[in-house]
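# Structural overview for review
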Amino acid sequence: MTDLTDMNKESESQARIADAMTAPSLGIEEPQPTIPADALEDPAPQPVPDLQTVSEERSLMQDAWITMRSRPLFWISAALIFVFLLMAAFPQLFVFSGRTPDWSDLDKARMGPDSVAIFGYDLQGQDIYVRTIYGARASILVGVCTALGAAVIGVVLGTLGGFIGRFLDTLLSRTADVFFAIPLLLGGILIMYTFRTTAESPYFVVVFKVVMALSVLGWPNVYRLMRSSVMQVKPSEYVMAAKALGANPLRIIGSHIIPNAIAPVIVVSTIDLGSYIATEATLSYLGIGLQAPAISWGIAISDASAIGYVRNAPHMLLFPSLFLSLTVLAFIMMGEVVRDAMDPKLR
Amino acid sequence: MRAITPALIGVASLALLASGCASDGGTNNNGGETGGATEISIRGCTPENKLIASNTNEVCGGNVLQAVTSKLVYYNPDNSAPELDIAESIESPDAQNFTVKLKQGYKFHDGTEVKAKNFVDAWNWAAYGTNTQLASSFFEPIEGYDKLQCGVDKESGEADCTKNKPEAETMSGLKVVDDYTFTIKTTTPTSNLEVRLGYTAFAPQPDSFFADTSQGKTEFGTLPVGAGPYKIVSNTATEMVLEKFADYSGAHAGSVDKVTFRIYNDMNTAYNDVVANNLDLTDQVPADQLVNDQWKNDLVNEDGTPRYGTKETGVIQVMTFSPIDDQLKSIDMRDALSMALDREQITKQIFNGARTPATGWVSPVVDGYKAGACTACVFDPTKAKELYEKAGGYKGTLTIAVNGDGGHKEWAEAVCNQWKNNLGVTCAVEATPNFQTLRKGINNRELKGLYRGGWQMDYPSIENFLTPIYSTGASSNDGDFSDKKFDQLLKDAAAETDLNKANELYQEAERILGEKMPSIPQWYQSSQYGYSSKIAEVKMTPFSTFDLSSIKLK
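A brief look at the structure comes next. Only a predicted model underlies this, so the values are computations on that prediction, with no experimental measurement involved.

Turning next to the packing of aromatic side chains. All names here are of chain B. Enumeration according to the criterion identifies 34 aromatic pairs over all chains in this entry. Judged by centre distance (6.1 Å) and plane angle (85 degrees), the ring pair of Tyr 106 and Tyr 248 falls under edge-to-face. Here the residue Tyr 106 occupies a position in the loop between strand E5 (97-102) and helix H3 (116-127), and Tyr 248 occupies one in the loop between strand E9 (239-244) and strand E10 (258-263), the gap between them amounting to 142 residues. A relative accessible area of 3% places Tyr 106 in the buried class. Summarising the aromatic geometry, the rings of Trp 123 and Phe 202 are spaced 5.2 Å apart at their centres and angled 80 degrees between planes, so their arrangement reads as edge-to-face. One end of the pair, Trp 123, is in helix H3; the other, Phe 202, is in the loop between helix H4 (193-196) and helix H5 (207-211), and 79 residues separate them in sequence. Each member of the pair, Trp 123 as well as Phe 202, carries the same accessibility label: buried.

So this is what it looks like as structure tokens:
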């Protein structure tokens with residue numbers, strides 16, 4: 001591992017620095033900017049133009065975008081995700097019957113689809129279509145927030161561990177190992193049982209608890225990726241150049257390390273997002289994730305999955321499950337597409 | 001078998017009928033009448049404790065002990081009326097001093113005769129504090145019971161048997177007169193004592209029980225010896241086997257030679273086994289199988305006759321008003337909430353007929369039941385809304401606390417929805433992870449709103465549904481209900497020697513509950529059971545156990 005003192009020794013040659021400044025970070029080919037000859041002779045080179053790194057990073061994204069937009073899978077998953085996001089934000093847009101998710105008519109319990117309730121009625125005589133539409137919010141919120149939460153924790157700690165190294169790295173890595181050893185579902189059950197929600201808890205507190213539980217267990221995944229990615233980027237010439245030019249570590253991390261090391265994290269987080277949604281459904285199914293009056297697909301599946309109900313009213317189970325599967329599928333497909341575009345080596 | 005045409009099945013069943021043997025179990029437990037010995041298998045579950053009559057208060061062990069023990073009184077499985085069993089007579093001039101005479105010739109499974117001292121010694125042992133028997137409180141009415149309890153530790157405030165040993169070893173209210181006669185004296189008049197004596201805790205214990213020196217009588221409790229129609233021959237982790245007791249001299253002898261209780265962890269599995277004729281009896285049908293009468297379609301013989309049944313049991317479900325919730329103090333509010341409940345709809349749609357709408361606080365299976373004590377139990381949404389607005393409405397979220405492990409969430413949500421629809425109240429269900437958590441919240445009076453209360457009778461008497469739950473300071477008075485007139489009526493009724501007059505006083509007391517609404521009666525419970533094709537008749541008791549002596553095979 002190289003540290004700053006080593007770096008200074010290495011950066012004896014001005015020419016090397018100049019070369020390094022133009023080195024493409026992720027194998028992206030671009031015409032190298034020509035460096036004026038007088039720059040080479042100048043003992044105190046001008047500050048590294050930020051523009052270059054920024055433009056390279058943008059071009060990475062641009063390149064990914066070009067790869068992705070040519071793939072039908074991307075458009076299918078993007079369309080699905082768009083619909084589900086819209087459903088989560090404005091469920092009322094999708095409900096044409098005017099029924100609220102609270103609406104119930106016990107006399108209609110377990111009845112099949114009719115002209116108003118196109119998915120039929122559940123155990124309480126509530127409209128399954130309306131409940132399924134409104135259930136999207138919980139699942140999407142949990143999925144997106146958990147993916148973000150795990151990514152933030154993982155990226156911050158991973159960068160620190162990878163960049164500073166030494167004792168901090170060891171400490172963080174072993175801590176991550178401890179959390180990594182706890183299976184997501186088992187840990188989720190443990191945490192949700194310890195911090196139970198009551199009927200009076202506000203909606204966002206209930207969701208937040210699930211998000212916290214899953215984030216706390218999901219970050220080691222991101223941490224490991226980020227750490228190794230940072231360690232890969234750190235010895236790069238452009239980082240050395242920045243150091244040699246006297247940029248402070250925060251600036252180096254912010255402008256050079258993170259933009260060049262973040263790609264795998266984006267990929268993994270997108271794929272994990274799908275599995276977080278599935279885990280939330282599982283926790284709710286077990287009766288410890290979200291709880292009524294919160295509406296979620298997991299709760300709906302849990303309520304409808306006794307064998308006698310499946311035999312007599314399979315529609316109660318079918319529709320929430322279908323929506324759950326579609327959402328998870330959409331996010332995982334999107335993750336695959338992003339991975340293919342950003343990390344061609346894994347293709 | 002599936003490929004056989006309907007015509008062939010007709011022929012086959014005709015042939016079976018002609019030969020007088022219609023059993024088609026087709027399983028290894030179908031010993032058949034050819035060998036002479038008949039046997040059946042019943043769904044069992046792991047008993048909580050060793051099988052000791054005074055330490056068993058749950059169904060898993062109770063099912064077995066029901067057949068292994070005989071008591072002074074036998075509850076008729078049809079109407080749960082008490083009939084004398086071992087007792088020749090139980091007489092009392094004043095509802096306080098009782099003389100019990102025993103029938104001669106009753107034998108324990110080890111051959112010794114049932115005598116008066118077997119009762120007195122067993123009861124004294126069960127009531128003795130140091131023995132920590134679960135059912136010891138059943139002996140509370142007997143004089144001298146308090147002297148057998150461990151002293152209360154000053155620091156912890158709880159009974160502590162190591163520091164404060166009980167003062168006496170025998171209750172002063174029990175006296176052996178001769179081998180077949182003993183007397184009982186109760187602390188206060190207890191007119192329905194006879195009805196109580198049929199409970200398993202009052203079973204006599206043989207001399208071998210007292211000879212067992214193992215801690216907690218575990219050796220005896222594995223293979224208990226009773227005076228019942230069946231004796232237990234093996235008891236393992238997977239099954240308990242009972243055999244007919246040859247020397248049984250009572251009126252309720254078994255008809256099947258061998259009964260095996262097979263331990264199931266999951267009632268769904270047991271149900272499926274009964275459907276497939278691999279098990280002969282199950283006392284539970286999963287709630288989801290009741291939908292659209294699915295179970296009635298599953299449980300039919302090939303000739304189309306049903307092999308299922310329903311038995312009204314002595315269980316009532318209520319919702320108790322939390323005593324710490326000031327908004328629920330007004331009678332108008334309580335009546336409104338009760339009237340806004342469409343019990344009919346919930347019992348039909350949520351329970352698929354496994355519950356009956358309640359009209360009072362007492363189960364219809366018991367002696368002294370009279371319908372209609374709860375006038376506010378009639379569904380009337382208009383009047384409910386009026387009363388609700390008169391009471392000023394409920395501010396905030398009204399919660400119904402239930403235990404999440406007992407299948408109570410469904411009805412609680414339905415109740416909430418009805419209140420939302422009929423009264424416009426904001427209502428939510430609060431499900432605790434398990435029963436213990438709910439009980440803790442109730443006992444510490446931490447919960448607001450309403451909470452679930454279920455009551456299974458200990459003995460079939462109207463008194464058992466009133467005194468332990470609604471008398472001032474009673475052990476199960478979760479709503480802290482207190483009413484002087486109510487308490488006085490209960491006292492008067494207990495002292496009344498004429499059972500009919502006593503019941504009238506109890507009914508009058510129940511009407512006071514109708515005025516004060518300490519809780520909302522919801523529904524009476526019934527048990528569903530299923531049996532295999534080889535059983536012709538089976539009866540379930542109002543305690544949800546099977547009456548083995550009434551089983552008849554085809």
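From this point, the narrative continues.
This part is about the state of the cysteines. Residues and elements named next belong to chain B. Scanning all chains against the criterion turns up three disulfides over all chains. The side chain of Cys 45 participates in a disulfide bridge whose partner is Cys 60; the two sulfur atoms lie 2.0 Å from each other. Disulfide Cys 45 to Cys 60: torsion about the S-S bond roughly -105 degrees, handedness left-handed. Taken together, the residues span a long stretch of sequence, with Cys 45 in the loop between strand E1 (39-44) and helix H2 (59-68) and Cys 60 in helix H2 at a distance of 15 residues. Here the two residues Cys 45 and Cys 60 agree in accessibility, since each one is buried.

To continue, consider the side chain of Ser 471 of chain B. Residue and element names in this part refer to chain B. Tracing the backbone through its elements, the reader meets Ser 471 in the loop between helix H14 (467-470) and helix H15 (484-495). By relative accessible area, Ser 471 is classed as buried at 12%. Engagement of the side chain of Ser 471 in a polar contact is seen with the backbone oxygen of Thr 467, the distance being 2.6 Å. Setting aside residues up to four positions removed in sequence, Ser 471 forms contacts with Leu 466, Asn 477, Phe 481, Phe 486, Asp 487 and Leu 490.

The next subject is empty space enclosed by the protein. All names here are of chain B. Summed over the entire model, instances satisfying the criterion amount to five cavities of 30 Å³ or more. In this structure, the largest cavity encloses a volume near 470 Å³. The leading source of residues in the lining of the largest cavity is helix H12 (residues 409-423), at six residues. Residue classes in the lining of the largest cavity are distributed as 15 nonpolar, five polar and eight charged.

On to the interface of chain B and chain A, then. Facing 25 residues of chain B, the contacting portion of chain A comprises 23 residues. Counting the surface chain B buries against chain A, the share from its top three residues, Asp 288, Gln 345 and Gln 349 of chain B, is 24%. On the surface where chain B and chain A come into contact, there are one salt bridge. Of the charged contacts, one joins Arg 311 of chain A and Asp 298 of chain B as a salt bridge, the two residues approaching to 3.1 Å between their closest N and O atoms. At the surface where chain B touches chain A, the tally comes to 13 residue pairs in polar contact (both at pLDDT 80 or more). Broken down by element, the residue count for the side of chain B that touches chain A peaks at eight residues, all from H12 of chain B.

Our next topic: the pairing of strand E12 (residues 308-321) of chain B. All names here are of chain B. Taken across its 14 residues, E12 has 11 buried, putting it largely inside the fold. Judged from the 10 bridges that link them, E12 and strand E17 (residues 519-531) form a sheet pairing that is antiparallel. By the bridge assignment, Val 318 is partnered in E17 with Pro 521. Pairing of E12 with strand E16 (residues 450-456) involves seven bridges; the strand directions are antiparallel.

Conventions and cut-offs
- For every chain, the first residue of the written sequence is number 1, and numbering continues from 1 along that sequence.
- The lettering of chains begins at A and the numbering of ligands begins at 1, in the order of writing.
- A pLDDT threshold of at least 70 governs which residues receive local features in this predicted model, and a stricter bar of 80 or more applies before side-chain atom pairs are shown or counted, although totals over entire chains, interfaces and linings include all residues.
- Remark: hydrogens and water are excluded; side-chain values derive from all non-hydrogen atoms of the structure.
- A pair of aromatic rings is counted whenever rings of Phe, Tyr or Trp (Trp by its six-membered ring) have centres within 6.5 Å, and the orientation is called stacked for planes under 30 degrees apart, edge-to-face for over 60 and tilted otherwise.
- Helical segments are the DSSP runs of H or I of at least four residues, strand segments are the runs of E of at least two, and each set is numbered from the N terminus.
- Think of it in three bands: residues with accessible area under 20% of the maximum for their type are buried, residues over 50% are exposed, and the middle band is partly exposed, with areas taken using a 1.4 Å probe on protein chains only.
- Count a disulfide wherever a pair of cysteine sulfur atoms falls within 2.5 Å.
- The definition of a polar contact used here is a pair of N or O atoms within 3.5 Å, where within protein one atom must be able to donate a hydrogen and the other to accept one, and adjacent residues in sequence count solely through side-chain atom pairs.
- For this analysis, residues touch if any pair of their heavy atoms sits within 4.5 Å.
- Grid spacing is 1 Å over the protein atoms alone, the probe is 1.4 Å, and a cavity is where that probe fits but cannot get out, while a pocket is an open set with protein on both sides within 12 Å along at least five of seven lines and lining residues have an atom within 4 Å of a point.
- Grid points are joined across faces, edges and corners, and a volume is the space filled by probe spheres set on the points.
- Residue polarity follows a fixed list, in which Ala, Val, Leu, Ile, Met, Phe, Trp, Tyr, Cys and Pro are nonpolar, Asp, Glu, Lys and Arg are charged, and the others, Gly among them, are polar.
- Throughout, buried area stands for the accessible area (probe radius 1.4 Å) lost by two parts on being put together, summed over both.
- Salt bridge criterion: a side-chain nitrogen from Lys or Arg within 4 Å of a carboxyl oxygen from Asp or Glu.
- Only strands joined by at least two bridges in the DSSP assignment are considered to pair.

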